[in-house]
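Below, each chain spelled out in residue letters.
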Amino acid sequence: MLDFNTIINNIHNNLKDNVVKGVVASYIPELSKQDVNQFGIYMQHMDGRSFMVGDAEVPFSIQSISKVLSLSKAIAFENNDIWKRVDVEPSGNPFNHLSLLELENGIPRNPLINAGAIVVADILCSKFENPKADFLQFVRDIANDQTIDYNYKVAESERKTGYNNYAAANLLKSFNNLNNNVEDVMDFYFHQCALEMTCSQLAKAFYLFANKGKCINNKQHISSSQAKRINAIMLTCGFYDESGEFAFEVGLPGKSGVGGGIVALLPNHFIISTWCPGLNAKGNSLIGMQALEQFTTQTNLSIF
């Protein structure tokens, strides 16, 4: 049996003193306050064992990682109808580019770029009676943790600087791919991205994608087929225009966020999450990407 505890501790020791740690996101002013030296790893095995090292219990803004959670809820509501409004192809562009959206008549390339996630947010605004409260409750339930909350300062910081996202929402509206008021959708979207979680909470929330749609409490939230499709989208689109590199180096479905978090999983085996706020040029955690590459290389555990 692999000694996961020693493996993640060694990886943490190998990387924590790296001189080059990337650059903390500053375009959302509240995120620029993060300490580039913070670094945590958490692994949740499907057999019930868990392993952690470093800052795995420090809350951080999960940002775009939340797009997978909102997608899972939208798929539960809409099933295959969702794909009439958003595609499943890698974009090949940064997460906030608008050019493709106009070329492709208001249908975002995939649900994990900003425009696609805004369409998903619109679906949830239509389906939830109280979108922010209901979505938060969903995340708390799947993670089995009622302490998870939004970081309201981050949400407000995003609202004040989210011109590109407002542009995407208005463009979607012009193509009739947004049913609700732009302001309402964006308010929900900014709060969704401002979810604050720890590495351990994140790994537990993503348990359902490794467990055929059943959360850590063994409750079915999405079908096995829906979980498979979400994992496929994570593998091909979860790291923006670095998704191919992550599949090549790590070989797991996963999702990153500009708060420095990454969560990845091997279906039926484990979920692993990392957090280190310094980002590379593509907007992914520099140390987190290296940690996960070392993990799958040393354990020989990937989908390939």
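These numbers were taken from a predicted model, which means no experiment stands behind them.

A few points about helix H6 (residues 152-161)
Taken residue by residue, H6 has Val154, Ala155, Ser157 and Glu158 as its buried positions. Looking down the long axis of H6, one finds its buried residues gathered within 160 degrees of arc, a one-sided arrangement. Summarising the geometry of H6, the exposed residues directed more than 90 degrees from the buried face are Lys153 and Lys160. Looking at the packing, one finds that the buried side of H6 touches strand S4 (60-61) and helix H8 (182-193). The backbone nitrogen of lysine 153 lies 3.1 Å from a side-chain oxygen of the residue at the head of H6, namely asparagine 151.

Looking at the packing of aromatic side chains
The tally for this structure, following the rule as stated, stands at twelve aromatic pairs. Ring geometry for phenylalanine 135 and phenylalanine 138: centres 6.3 Å apart, planes at 40 degrees, overall tilted. Residue phenylalanine 135 and its partner phenylalanine 138 are both found in helix H5 (residues 131-143); the two are separated by three residues, about one turn of the helix. You can call phenylalanine 138 buried: its relative accessible area is 7%.

Observations regarding the sheet that holds strand S5 (residues 149-150)
Read across the sheet, three strands follow the order S4-S6-S5 without closing on themselves; strand pairing throughout is antiparallel. Every interior strand has two partners, whereas the edge strands, S4 and S5, have only one. Strand direction decides the pairing type here: S5 and strand S6 (residues 195-197), joined by two bridges, are antiparallel. The residue bridging tyrosine 150 from the neighbouring strand is leucine 195, located in S6.

Brief notes about the packing of helix H2 (residues 66-78) against H5
Across the interface, H2 lies against H5 with an axial gap of 11 Å and an inter-helix angle of 100 degrees. The orientation of H2 relative to H5 falls into the category roughly perpendicular. Contacts from Ser66, Leu69, Ser70, Ser72 and Lys73 of H2 reach H5 at Phe135, Phe138, Val139 and Ile142. Tallied by class, the residues present in the contact of H2 with H5 amount to five nonpolar, three polar and one charged.

Focus on the side chain of serine 72
Turning to its location among the elements, serine 72 is positioned in helix H2. Aside from chain neighbours lying at most four places away, what touches serine 72 is Phe138, Phe209, Ile222 and Ile230.

Observations regarding the sheet that holds strand S8 (residues 261-266)
Judged by pairing direction, the sheet is antiparallel, and its five strands sit side by side in the order S3-S2-S9-S8-S7 without closing on themselves. With one partner strand each, in any of the chains shown, strand S3 (50-54) and strand S7 (254-256) form the two edges of the open sheet. Each adjacent strand pair in this sheet contributes to an overall mean axis angle of 5 degrees, direction not counted. On top of the sheet, helix H1 (residues 4-15) reaches strand S2 (40-45) and S3; it is set at about 20 degrees to S3, its chief contact. Sheet strands touched by helix H13 (residues 286-299): S2, S8 and strand S9 (270-275). Its angle to S9, the strand with the most contacts, is close to 150 degrees.

Description of the pairing of S8
The element S8 is largely enclosed, with a buried count of six among its six residues. Here S8 shows two buried faces, one formed by Gly261, Val263 and Leu265 and the other by Ile262, Ala264 and Leu266. Pairing of S7 with S8, which is carried by three bridges, proceeds in the antiparallel orientation. Paired with glycine 254 across the strands is alanine 264, a residue of S8. The turn joining S7 and S8, which pair antiparallel and follow one another in sequence, is formed by four residues; a positive phi near 100 degrees is taken by glycine 260. Looking at chain direction, S8 and S9 are connected through six bridges and run antiparallel. Residue pairing for S9: leucine 266 is matched across the bridge by phenylalanine 270. Connecting S8 to the next strand, S9, in antiparallel fashion are three residues, including asparagine 268 with a positive phi near 70 degrees.

Procedures and definitions
Residues numbered from 1 in each chain as written. Predicted model: local features only at pLDDT ≥ 70, side-chain atom pairs only at ≥ 80, totals over all residues. Heavy atoms only, no water. Buried < 20%, exposed > 50% of the residue type's maximum accessible area, 1.4 Å probe, protein only. Helix = DSSP H or I, 4+ residues; strand = E, 2+ residues; numbered from the N terminus. Arc of directions from axis to C-beta. Contact = heavy atoms within 4.5 Å. Polar contact = N/O pair within 3.5 Å; in protein donor to acceptor, adjacent residues only side chain to side chain. Phe/Tyr/Trp six-rings, centres within 6.5 Å; stacked < 30°, edge-to-face > 60°. Pairing = 2+ DSSP bridges. Axes fitted to C-alpha atoms, helices over the stretch in contact; angles between N-to-C directions. Parallel < 35°, antiparallel > 145°, perpendicular 65-115°, else oblique. Nonpolar A, V, L, I, M, F, W, Y, C, P; charged D, E, K, R; others polar.

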